[in-house]
Every structure is written in structure tokens, then in C-alpha cells.
Amino acid sequence: MTLIEFNETQGIFHLHNSKISYLISVEEGGLLSHLYFGKKVKDYHGQMRYPRVDRGFSGNLPGTFDRTYSPDTLPREFSSAGEMDYRTPAVLVRQENGANALALRYKSYQISAGKPSLPGLPATFVQNDNEAQTLTITLADEVTGIEVDLLYTIFANQAVIARSSKLRNESDQTIYVEKLASLEMDFVDKDFDVICLPGAHANERHLERGAVNFGKQSFASLRGSSSHHMNPFIALVDKKTDEFQGEAYGFALVYSGNHNFEVEKDQLAQVRLVAGINDFNFSWKLVAGESFQAPEILLAYSDTGLNQMSQAFHKTIHNNLVRSKFKNEERPILVNNWEATYFDYDEEKLKPIVDEAKDMGIEMFVLDDGWFGHRDDDNSSLGDWKVYQKKFPQGIGHFADYVHAQGLKFGLWVEPEMVSFDSDLYQQHPDYLMQVPGRAPSPSRNQYLLDMGREEVRQNIYDQLVKVFKEAKVDYIKWDMNRNMSDVFASDLPSDQQGQVYHRYILGVYKLMEDLTAEFPNILFEGCSGGGGRFDAGWAYYMPQIWASDNTDAIARQTIQYGTSLVYPVSMTTAHVSAIPNHQTGRKTPFDTRGAIAMSGVFGYELDLTKMSQADKDQVKVQVKQYQAIRSLVQFGDFYRLKSPSEGNQTAWNFVSADKKEAVLVTAQVLAYAQPYLTKTKLAGLDPDKYYQDQETKVIYGGDELMNLGFYDPVVHEDYTAKMYHFKAID
Ligand code: DGJ
């Protein structure tokens, strides 16, 4: 199957599959111009050649007198600093003489089957080379010899393209890469809104939408991680685009460090997006012959609204990014002791929780923070991954045996990137801590960062973790990170390489995860950073699931999970039922509501099972069975957002199995009213010709009825309600 063609006469690259086309042209002077990304076209006949118009103050190519052709207005694929383009550049390289100018011109191309990996970085992959094709376009700067490879992979069956760039120093001088975007994309004639996913700790990824206005907007993180505060994703959408109609262009960076999505509307209302590693405090030294690879970014296109865009992301992330052997396995229902006990526990206190879990049919017990060193609060012991004898006098393996003997899997919490001052690790290796010489490092949650960019530091942590993972016979690991980076300095790097520290840190974390996940392929790893502080596509490459938020309140979670689903598959999003009043919001929501919202993700509990009323305990048993019956559908079915929590009093979403024989609908309402207006919910994604039976009421509906007429939502006289419906197709 041909997915990429090059028309030598026209100088046109055409990447296409049954859903999308992406067109690039080589223009006069070797400039690479962006022509089109959107719904598939069979052929291209040259009509998108950028009109030649003389624009005042937009100059022309050196050595030419054609006033109608300017790099400053042409839609580009990859622009550089120092040329006649006043818009945000994709690349900036400081050269020996202090200049930053490059003129990257088309040099050559290569088309290859499949998808190359990106050494040291997370990146999409294919099982068979016929699932994708990759185009590499090489641009070169004649004066210095610096070259940039632009990589485009088109997948055979998805409306998704993976892009990245690699800068090769083919010059004879030492250079400093001060910016290298993963992607630039220029749009003409588009009046876009931009959607992003900002937030905060315990309030992650709420969907925000606003106009793309003249000037520049930036959606970024400077925290050393992808962050709670701005997820590494944006979508550019038409004004009329909603969940089911309109064009949407989604961009998700496969990276967990500092990022920046710069959106600029220029003098002609053209829109440029430049996205990749944030260039704040970034400078990468390359001696002659060395290269720098920027992270990958996924581009998803939909002409039928945001749901379609999300599904393209979900499928690509699940199929082509998640590597874990657990990716297609139903994930165990767990109980985690964090909100049950915090640090106040020992083996004897935990055993009754395990016993209750067994009785309720829960499948895994997760031992959270506090089992190591001498950790009784958050002041100590990070970096000392040895069991706390006071809490587990007979060792962690002994407790693991107890959990296993009850028929449950055993999970353990770790925070490998951190150190406490009060720890053996800090006493022995104070230099492992990241800090600026002569300055006291800033604490956050009373803890400090280890410099994971250093091999020696990683090795120390790796050795400790391997030992304890084996001792504890763990089936699951929760990998936490409870602060952001500060005091950014690497003690082993010279001054002209301090601009590498942010990126080198995250490369170090990737290396440690690569080594540990390879060493323990049978452990299910879950990512976490104070909840969803590192919920990104890069992380998915190493860990198939992530704790979505420290906020377990069922109402707050609707907004968080709704926003998360814009990019990330449900199989990646963990969600737990917790106690009331909720520990983060103080809200009291009904048990059913907490169940319905948590069951909309990878399900578990986060409360003291021994302290529940008998009625709630009975409910847990029911919920466990209920979730087991729908688990595969929820985790691996198609997900449709129906009503947004940020647009009104209600939330609704549904899941549909691949064969469309089964569906689960969840509806929720925040406040009750004395005289409520009647509302309806219409499902999506069903087979209009099939008949579906509501498993509770046994009423049968046509798929077309459920999607076109819908049905009335229950009239409730109670706040914070939610309801789950389960439909099965009948023959
Ligand atoms: C933050 C996590 O998100 C919580 O679930 C819990 O593991 C705490 N850290 C433990 O310190």
C-alpha cells in the first residue's frame, strides 16, 4: 500500500490514507511549504500554490527581486531564526560567530516502510512495516552545513501523523541548539478556536476554549514536567466545531518535560503553530558530527468534531505507543491505602483492609507512601527504598505473602526521583541532589530532586528498586513524583551545557523507566505525579496507566476525566471511589455516584474498607461485579463524550464495544431543582439497525432510537446524582 508519494515535476509530497491527506511542496529557492492537512483527497492539481502578492515590509529571498514571494508570508513546514520570516521560528541555532541565522532549504527525501524508533525517547511504533510509512525530508543550510531531518509517519488506518525533527551538525564548528521544535504547522484562511487542558494540582486538565487572536499565545510548562498546569496538548478547531461536527486538528506531544505550544496569528490572519520542547533555559551543545533529536508529536485530524479526534488519539496511543504487556489486559480492581490511612499504618492495621478486600472481591491491594526508611510523614526517607522495620517487622515480603495468600495481587508505591534531607541517601551522597552551587535548594513537600540526568544517581536508585521489587514480590508499581523542578543545575556538566539540564533530566527518567520495565515485564506500572502532573503521551510508552488526579471527588472528577479523554484513552485513566466527606473538596456524594464516575475509568477504591457501613460494604460487592461485567467495554471500547460538565449541570458519556453489541452510558447531574426542566440524553456510536436491551429495566430500544430520540434523564430531588445504564444488543 502506498501511503506517501512524491511528484518530482510538481515538487509535491502527498501523504495519504483512507481518512487524511497531508501535502507539502518544495517552492522556489528550496523553501518547504505547507499546503494542506485534512480530509483525504485522491490527487492534487496545484491549486493550493500560495498566491504571489507583494506585501509591504515582508521581504524576499536573498539575491532575488521577486517582491511577490516572501518567506514571511508563505505557509512553511519548518522555519528558522535569522531569515526573512518575522513569525515564531521552529529552530534557532547559535553558531561560533554568535550568529543565529539559518536558511534551511530542501535537500533530499527518503520514504521508508514502517516507523523508526527515536533513541532514548518515547515514540510510536508499528508491529508490521505495512502499518505505516515514514517520509524523511532533509533540509540543509548551505553556509554552515547544518541539516534538519523532518520525519513524518502516516499510519495506514488512523487519521494521525507522527512528526519529529532531528538536527544534525554537519558543520565543522561547535554549535548550540537553542530551540528545535517537533513541529511547525501553518494554516491559511482559518478562524480557529484553540482548546487546551490547563489545571492545577487536584484540578487537572479541564477543557478550556478560546479564540486564536492576533499576536501570540503560548500553552507551556516550565516546571520540568508536562505538569498539572498545562497538558502538552492543544487542538485548533473551527468556531462551529463541537463534539460531533466540524474540523478539529489535535496535537499531542510525546514528551514529559518542559513544553511549549506557540500559536501565532500573523498580519494576514494566518495561524502558525510551533510546538515542542520549551526553549526556556534550553541550549544543547553539538560538536561537529553530533545530532539532537526532538520529541515526537502526534497530529490527529477530524472533520466530524472532537469525539472523532479523541478516538484517533485513543487508538494511536493505545495501539502504537503503549508497550506494556498489560495494554490489552483487563486491569485489576484495586484498593489503595493512601486515603484510608495516609502514613499511619503498620502490617497489623493493613491486614483487616486486605481481608475486607478479599471478601468484597477486590483484586489487588496497593501499599502507598510510608512503607520505607523511617517514614511517618512527608519529612523523611525518600531515597531509602528499604522496608520500614517498625511497620513491617518481618519484612515487606512477609506482608506481600499475606496479600497473595488472600488471593489478591500486591502493589507498591515508590517515588524514585526524590530525596529527603533526612535520609541515608542524602547523608551518603549529598551531591546527588539537584542544586545550584552556593544556593540553598527550594523544598517542595519537604523534598528535593535527585539529578536523574546522572548515570551514577540512576544506578543507585535502580539497584535499590530492583532489590525491593523482588523482595516485595510486587505485581504492580505506582511511580509517583510529588514536586516540580527547581534549582536547575547539573554538578557534572560544564557551564556551556547547563542549558541541557531540564531535557537531560527527563531523558534520565526515561532511561530508568526503560531499564526497570524491561527488567520487570510482569509488573503492571502506573504513573502518577501528585495525581495527574505527568499525564502525557510520553509516559504511556513506559506505563499503560496513570493516576488521573489526587482529587477523588466524583463531581470534580467529571471535569478532570472529561478533559483527560480529549487525548488519552480510558485504559490509561485510573479512578477510585473514596470516602465522604471527600478529602479534597469536603463534598458528600452518594455512593452510586462515586461508583459510576470511577467505573468510567480503570477502577478501584481509595478508602478504609474496615470503616464502612454494612450497606456500603454490600454496595462495593455489587460494584465490583458490575465493573467486572463492563470492564473490557469501558477500558477498551470506543468512548463518546455527550454532555460537558463545564457547559451545564449535567455530564454524560458512553462507551461502545468494537462490535457495537454492548454499550454503557453514564449520566450525572450536579444540582437538583424544585421544578427541574426536563432533559434528555442521546447516545452515540451505536449500530442504528441493532436493538439494545437495557440490562436493568429489560426495555428494548433501537440503536437509532437511542441515538436520535434519546430518553429522559431521571427527575431527581437530590444533589450529585449519577446513573449508569448497560445496554446489550439482542439478536
Ligand atoms: C501523591 C499521589 O497522587 C497520592 O495518590 C499518594 O500516592 C501520595 N502522593 C503519597 O505521598
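Residues numbered from 1 in each chain as written. Predicted model: local features only at pLDDT ≥ 70, side-chain atom pairs only at ≥ 80, totals over all residues. Heavy atoms only, no water.

Looking at the overall build of the protein
Looking only at helices and strands, the protein has 12 helices and 38 strands in total. For a compact globule of 731 residues, the expected C-alpha radius of gyration is about 27 Å, and the protein comes in at 27 Å, within 12% of that figure. Once the C-alpha set of the protein is aligned to its principal axes, its extents read approximately 85 × 70 × 45 Å. A buried classification covers 63% of the 731 residues belonging to the protein. Within the protein, counting contacts between residues at least 6 apart in sequence, those at least 24 apart form 69% of the total. When the accessible surface of the protein is totalled, it reaches about 26700 Å², and 49% of it is carbon and sulfur. The protein carries 72 positive and 98 negative side-chain charges, and their two centres are separated by 2 Å. (Helix = DSSP H or I, 4+ residues; strand = E, 2+ residues; numbered from the N terminus. Rg over C-alpha atoms; globule rule 2.2 N^0.38 Å. Buried < 20%, exposed > 50% of the residue type's maximum accessible area, 1.4 Å probe, protein only. Contact = heavy atoms within 4.5 Å. Areas by Shrake-Rupley, 256 points an atom, 1.4 Å probe, with all protein chains shown as cover. Lys, Arg positive; Asp, Glu negative; His and termini not counted. Charge placed at Lys NZ, Arg CZ, Asp CG, Glu CD.)

Some details on the site of the ligand
In the region of the ligand, 13 residues are neighbours, and Asp368, Asp369, Lys478, Asp480 and Asp550 sit closest. With respect to the ligand, the side chain of Arg445 contributes an N or O atom lying 2.8 Å from an oxygen atom. Between Lys478 and the ligand, the recorded distance is 2.7 Å, taken from a side-chain N or O atom to an oxygen atom. Against a free-state accessible area of 290 Å², the protein chains account for coverage of 98% of the ligand. The class makeup of the residues in the shell around the ligand is four nonpolar, three polar and six charged. (Near = heavy atom within 4 Å. Polar contact = N/O pair within 3.5 Å; in protein donor to acceptor, adjacent residues only side chain to side chain. Nonpolar A, V, L, I, M, F, W, Y, C, P; charged D, E, K, R; others polar.)

Re the environment of Phe78
Topologically, Phe78 is positioned in the loop between β4 (32–39) and β5 (91–94). Phe78 gets classed as buried once you look at its relative accessible area, which sits at 2%. Sequence separation between Phe78 and Gly397 is 319 residues; the distance between their C-alpha atoms is 54 Å.

Some points on the UniProt feature "domain: Glycosyl hydrolase family 36 C-terminal" (unreviewed entry) in the protein
Mapped onto this structure's residue numbering, the UniProt feature "domain: Glycosyl hydrolase family 36 C-terminal" (unreviewed entry) falls at residues 650–727. Its end C-alpha atoms 21 Å apart, residues 650–727 is made of 8% helix and 42% strand. (UniProt positions renumbered as here; feature names shortened; annotations may be inferred.)

Points about the UniProt feature "active site" (unreviewed entry) in the protein
Here the UniProt feature "active site" (unreviewed entry) sits at Asp480 and Asp550. Look at the named residues: they lie 71 residues apart in sequence, but the longest C-alpha span between them is just 11.3 Å, so in the fold they bunch up. For Asp480, the side chain forms a polar contact with the side chain of Trp413, separated by 2.8 Å. Examined against the element boundaries, Asp550 turns out to sit in the loop between β28 (545–547) and α9 (554–564). Ignoring any residue separated from it by four or fewer positions in sequence, one finds Asp550 in contact with His201, Glu204, Glu339, Gly530, Gly531 and Gln584. Within the local environment of Asp550, its side chain forms a polar contact with the side chain of His201, the two groups lying 3.0 Å apart.

Some words on the sheet that holds strand β26 (residues 476–479)
Ordered by their spatial adjacency, eight strands build a closed barrel running β21-β22-β23-β26-β27-β28-β29-β30, and the pairing between neighbours is parallel. When strand polarity is set aside, the average angle formed by the axes of neighbouring strands in this sheet is 30 degrees. As paired strands, β26 and strand β27 (residues 524–527) are joined by four bridges and run parallel to one another. Bridge pairing in β27 places Trp479 opposite Gly527. Sheet strands touched by helix α11 (residues 614–636): β29 (573–578) and β30 (602–606). Its angle to β30, the strand with the most contacts, is close to 155 degrees. (Pairing = 2+ DSSP bridges. Axes fitted to C-alpha atoms, helices over the stretch in contact; angles between N-to-C directions.)

Remarks on the pattern of salt bridges
Evaluated as defined, the whole model comprises 60 salt bridges. For Lys511, the salt bridge identified is with Asp515, shortest N-O distance 2.8 Å. Residue Lys511 and its partner Asp515 are located together in helix α7 (residues 501–519), separated by four residues, close to a single helical turn. Of the residues examined, Lys511 reaches a relative accessible area of 37% and is grouped as partly exposed. For Asp515, a relative accessible area of 28% corresponds to the partly exposed category. Taken together, the salt bridges that share partners define one network made up of Arg76, Glu83, Asp85, Arg87, Arg105, Glu184, Asp186, Asp266 and Arg272. (Salt bridge = Lys/Arg side-chain N within 4 Å of Asp/Glu carboxyl O.)

Details of the packing of helix α6 (residues 455–471) against α7
Helix-helix packing is described using two parameters, namely the angle between the two axes and the distance between the axes. The interhelical angle for the contact between α6 and α7, taken along N-to-C directions, is 30 degrees, at an axis separation of 11 Å. Comparing the axis directions of α6 and α7 gives the class roughly parallel. Between α6 and α7 lies a crossing whose hand is right-handed. From α6, Arg458, Ile461, Tyr462, Leu465, Val466, Phe469 and Lys470 reach across to α7, where they touch Gly508, Lys511, Leu512, Asp515, Leu516 and Glu519. Looking at side-chain class alone, the contact of α6 with α7 contains seven nonpolar, one polar and five charged residues. (Parallel < 35°, antiparallel > 145°, perpendicular 65-115°, else oblique. Left-handed = near helix turned anticlockwise from the far one by under 90°.)

A look at the pairing of strand β20 (residues 296–302)
By the criterion of burial, β20 is predominantly enclosed, with seven of the seven residues buried. Side chains of β20 alternate between two faces, with Glu296, Leu298, Ala300 and Ser302 and Ile297, Leu299 and Tyr301 buried alike. Bridge analysis of strand β9 (residues 160–168) against β20 gives four bridges, and the strand direction is antiparallel. Looking at β20, one finds that Arg163 is bridged to Ile297. Across seven bridges, strand β15 (residues 248–254) lies against β20 in antiparallel orientation. Its bridge partner lying in β20, Tyr249 is registered against Tyr301.

Examining the domain arrangement of the protein
Domain assignment breaks the protein into domain 1 (4–321), domain 2 (334–416 + 457–483 + 523–636) and domain 3 (643–730). Computed from C-alpha atoms alone, the centre-to-centre distance between domain 2 and domain 3 is 30 Å. Counting the surface lost from both domain 2 and domain 3, the interface buries some 1700 Å², and carbon and sulfur atoms represent 75% of this. Taken together, domain 2 and domain 3 are joined by zero salt bridges. Here domain 2 and domain 3 share four residue pairs in polar contact (both at pLDDT 80 or more) between them. Counting only elements with at least two residues in the side of domain 2 that touches domain 3, the list comes to α9, α10 (591–598) and α11. Residues belonging to the side of domain 2 that touches domain 3 are distributed by class as follows: 11 nonpolar, seven polar and two charged. (Domains from an automatic or database assignment. Buried area = accessible area lost by both parts, 1.4 Å probe.)

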